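Reading the structure
Here's the letter readout for the chains.
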Amino acid sequence: MPLSHHGNCLCEGVRFSITGPLAPIEVCHCAQCRRAQGGPFATNIPVATSAITFLAGEHLLQSHASSPGKERVFCRVCGSPVFSRRASLPGVVRIRAGLLHEPVATQLAFHAFTASKAGWWHISDDLPQHADTGPAQVWRAMP
């Protein structure tokens, strides 16, 4: 039986499962992610689209082109960010880790874009920090 994780948006209209092991969680501190999440960072797990099954609410997903070649996808009912995707990384989405039901069988990997992090947020762990690393260099899904 393959390992699987389940998740949903705030209103539970969008429900999904991910089959297989999860990649480590990537913490992004860029200004765009902060604004999209309404917090000091976004927690993303790269996932192959072939590993995701929408159990309900796929019709509730709406996207916003936040920059050229990048879409942020959210539930149009409750506004929960669900995932983002880049045209330059076909077949990969970055699921928002906070949507997954516990226990989540992965851990934090690194902090990205720390040069533009919120001044009021202190990074207090020993994970690698990438000051200006972009998604094309660091985000990838498990095979």
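Each remark here, short or long, concerns the structure printed above.
Report follows, based on the coordinates. (Residues numbered from 1 in each chain as written. Predicted model: local features only at pLDDT ≥ 70, side-chain atom pairs only at ≥ 80, totals over all residues. Heavy atoms only, no water.)

Remarks on the nonpolar core
Among soluble globular proteins, nonpolar side chains are generally buried collectively. Formally: What makes a nonpolar core is a set of buried Ala, Val, Leu, Ile, Met, Phe, Trp, Tyr and Cys residues whose side-chain atoms join them at distances within 4.5 Å. Buried residues are those whose accessible area, probed at 1.4 Å on protein chains only, stays under 20% of the maximum for their type, while exposed residues exceed 50% and partly exposed ones sit between those limits. For helices the rule is a DSSP run of H or I covering at least 4 residues; for strands it is a run of E covering at least 2, with both sets numbered from the N terminus onward.
Residues Ile18, Ile45, Val47 and Ile95 are the most contacted members of the largest nonpolar core, which totals 23 residues. If you list the elements that add at least two residues to this core, you get strand E2 (15-19), strand E4 (42-48), strand E7 (70-75), strand E8 (81-86) and strand E9 (92-96).

Thoughts on the side chain of histidine 111
For clarity, the threshold we go by: Throughout this description, a polar contact denotes any pair of N or O atoms lying within 3.5 Å of each other; where both atoms belong to protein, one of them has to be capable of donating a hydrogen while the other can accept it, and for residues adjacent in sequence the pair is counted only when both atoms sit in side chains. The contact definition used throughout considers only heavy atoms, calling two residues in contact when any of these lie within 4.5 Å.
Tracing the backbone shows histidine 111 in strand E10 (residues 108-112). Residue class for histidine 111 comes out buried when judged on its relative accessible area of 5%. There is a polar contact of 2.8 Å between the side chain of histidine 111 and the side chain of histidine 29. Look past the residues within four positions of histidine 111 in its chain and what remains in contact with it is Val27, His29, Ile123, Asp125, Leu127, Pro128, Gln129 and His130.

What about unusual backbone geometry?
Most peptide bonds take the trans form, and the phi angle of most residues other than glycine is negative. The peptide bond linking glutamate 102 to proline 103 adopts the cis configuration, its omega dihedral lying at 0°. Tracing the backbone through its elements, the reader meets proline 103 in the loop between E9 and E10. A positive phi angle is found at glutamate 12, which is not glycine, with a value near 70°. Relative to the assigned elements, glutamate 12 resides in the loop between strand E1 (4-8) and E2. In this structure glutamate 12 comes out as exposed when scored by relative accessible area, which is 52%.

Here's the deal with the sheet that holds E2
Stated precisely, the cut-off is as follows: A pair of strands is treated as paired once DSSP finds two or more bridges between them. To get an axis, fit a line to the C-alpha atoms, keeping to the stretch in contact for a helix; angles then go from 0 to 180 degrees between the N-to-C directions.
Pairing is antiparallel across the open sheet formed by 3 strands, whose spatial order is E1-E2-E5. The outermost strands of the open sheet, each flanked by one partner alone, are E1 and strand E5 (52-56). Looking at each pair of strands side by side, their axes are set apart by 25° on average, direction ignored. As judged from the 4 bridges shared by E2 and E5, these two strands associate in the antiparallel manner. The residue bridging isoleucine 18 from the neighbouring strand is isoleucine 52, located in E5.

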